[in-house]
Every structure is written in C-alpha cells, then in structure tokens.
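Residue strings, one per chain:
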Amino acid sequence: MLGRILSSATALAHPAMSASLRSQTPWRVGRRRVVAGMLACPMLLGLAHATPVSASTTDDETTDDEVVSALDLINEMRQSHGLNPLAPSGRLQSAAQLHADDMAEHDFVSHTGSDGVDAIERILRYYPFNSWLGETIGAGFKSGAAVVAGWERSEPHREALMLPDFRAIGLGMAVNTRSRYRWFWTCDLGGEIDIE
C-alpha cells in the first residue's frame, strides 16, 4: 500500500459552480475541464525516507532539482504510453508554486487555498486560456521520484497526468520542516502551450 489517500477525485468543473455542487455533480462548459486529485503519504511507505530534513538540505537548488526530476519522470511516463511530453509553462509553474508554498506555510493539503480560492480560479489567474485544466497535489513525498511514483500508483492521479489533452505543465514544491507532511507538491496542467 502506498500510503493513506486523504482524497482523490477526477472531476469536471467550472469556475461558476458552488463548491458543494462541484463535489456532487461533474460537468463541463466549453472545452474547459478540471481534473483534480490529492495524495498524502504521511508514513512515506518505502517511497521516501521519514527522517527529518534540516534547513540546510532544503535550499532552493535542491528543490529546483527535485522539480526538474519530477517533470522528467512525468514526461517519461507519458512517452512510454505513446503520449507527447508536456511543455514547461511559466504561467502554470507560477500557479503551482504559489499553491505549494501556501500549503507548506499553512500546513494543509487541499485544492482550495488558505484564502478560499479554488484550483480553477487560482490557475486561471495565471493561465487565462479556455483550455483543459488539471491539478494534482501531494504531501509527504521528499523527492520528485517519490511523488511521481505516488501519483503513478494512484489511478485518478495517473489518469490526470496521462490525459492526452494536456500539453503544458507547471510543478511547484515547498518544504516546511515544522509541518505535518514537510514536503508539499502541486502539479498544474493545461491544454495550451503558453509562449511568453
């Protein structure tokens, strides 16, 4: 068993829907679709070490290396199934990093930020395309390899990462050694490659 899944879902949604309706009724408006899932691995069962991380091992360079590793592994997974790799998106990366930082700072795991803004609205603030949208989050995974392995073993997360309609990706990772899960990940996906 990978770990405890707090919640996982594959859902269609639209920004104008109420939160309660979103959780009960999947729907799509136009081409916009949101695929969302979250995975937490508090025990890190064989996927990462459960030892504490000191501040000296969580510098920006280490975090950047883990994000690049996760991106490479996601693209390898897609290509092994005949899908095109995802292009890095600065817009999606900004949305993803903002949410990873928020989860780490406030010690929570949810697609809704501490300010009450849901994934759809947050992504659209940075990535304003009428496109397929997706978000997968994770907590408790120390490395890019560990979080991608966790997402790959969870069917809803794997399906989101393998959706052929996605063309762009942004990944964010944040660390808070005083939090419950320590390592927080957000992967935002979109159907348009943004050229800036």
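Residues numbered from 1 in each chain as written. Predicted model: local features only at pLDDT ≥ 70, side-chain atom pairs only at ≥ 80, totals over all residues. Heavy atoms only, no water.

Caption draft 1: Main features of the overall build of the protein chain. A count of helical and extended segments in the protein chain gives six helices and six strands. Going from N to C terminus, the protein chain has its helices and strands arranged as β-α-β-α-β-α-α-β-α-α-β-β. Look at the contacts in the protein chain between residues 6 or more apart in sequence, and 76% of them connect residues 24 or more apart. About 9200 Å² of surface is accessible on the protein chain, with carbon and sulfur atoms providing 51% of the total. (Helix = DSSP H or I, 4+ residues; strand = E, 2+ residues; numbered from the N terminus. Contact = heavy atoms within 4.5 Å. Areas by Shrake-Rupley, 256 points an atom, 1.4 Å probe, with all protein chains shown as cover.)

Caption draft 2: Region of the structure containing the side chain of E135. Counting through the fold element by element, E135 comes out in strand β4 (residues 132-139). Within the structure, E135 has its side chain in polar contact with the side chain of H111 (distance 2.6 Å). Looking at E135, its side chain comes within polar contact range of the side chain of R122, at 2.8 Å. (Polar contact = N/O pair within 3.5 Å; in protein donor to acceptor, adjacent residues only side chain to side chain.)

Caption draft 3: Inspection of the pattern of salt bridges at higher detail. This model, assessed by the stated rule, comprises four salt bridges. The closest approach of N and O atoms between R125 and E121, which form a salt bridge, is 2.8 Å. Taken together, the residues span about one helical turn, with R125 and E121 both in helix α4 (residues 119-126) at a distance of four residues. When its relative accessible area of 53% is taken as the criterion, R125 is described as exposed. For E121, a relative accessible area of 39% puts it in the partly exposed group. We note a salt bridge from R122 to E135, for which the minimum N-O separation is 2.8 Å. You can see R122 sitting in helix α4 and its partner E135 sitting in strand β4, a full 13 residues away along the chain. (Salt bridge = Lys/Arg side-chain N within 4 Å of Asp/Glu carboxyl O. Buried < 20%, exposed > 50% of the residue type's maximum accessible area, 1.4 Å probe, protein only.)

Caption draft 4: Spotlight on the confidence of the model for the protein chain. Across the protein chain, the average pLDDT comes to 76, with 69% of residues at 70 or higher. Note that residues 1-34 has pLDDT below 50 and, in this model, 80 contacts with residues that lie over four places away or in other chains. Between residues 40-58, whose pLDDT stays under 50, and residues either more than four places distant or in other chains, the model counts 43 contacts. (pLDDT = per-residue confidence, 0-100.)

Caption draft 5: Expanded view of the nonpolar core. Residues I74, W151, I169, L171, W185 and C187 are the most contacted members of the largest nonpolar core, which totals 24 residues. If you list the elements that add at least two residues to this core, you get α2 (60-80), α5 (144-153), β5 (168-175) and β6 (183-190). Broken down by element, this core gets its largest block of residues, five residues, from α2. Ranked by size, the runner-up nonpolar core spans 10 residues in total, among them M103, A104, V109 and A174. (Core = buried A, V, L, I, M, F, W, Y, C linked by side-chain atoms within 4.5 Å.)

Caption draft 6: Spatial organisation of the side chain of H99. Of note, H99 is situated in helix α3 (residues 90-106). In this structure, H99 is in contact with F108, S110, H111, T112, G113, R122, E135, I137 and T186, ignoring residues within four places of it in sequence.

Caption draft 7: Seen up close, the environment of I74. Within the element layout of this structure, I74 appears in helix α2. Residue classification places I74 among the buried positions, given a relative accessible area of 0%. The sequence separation of I74 and L86 amounts to 12 residues, and the corresponding C-alpha distance is 8.3 Å.

Caption draft 8: Representation of unusual backbone geometry within the structure. The backbone of D107 sits at a positive phi, close to 55°, despite the residue not being glycine. Here D107 shows up in the loop between α3 and α4.

Caption draft 9: Focus on α3. Taking 1.5 Å of rise per residue, the 17 residues of α3 would be expected to cover 24 Å, and the 24 Å separating its terminal C-alpha atoms lies within 8% of that figure. Taken together, the buried positions of α3 are L92, A95, A96, Q97, H99, A100, D102, M103 and A104. Of the surrounding secondary structure, the elements contacted by the buried residues of α3 are α4, β4, β5 and β6. Positive backbone phi, approximately 55°, marks D107, located one or two places after α3. (Expected span 1.5 Å × (residues − 1).)

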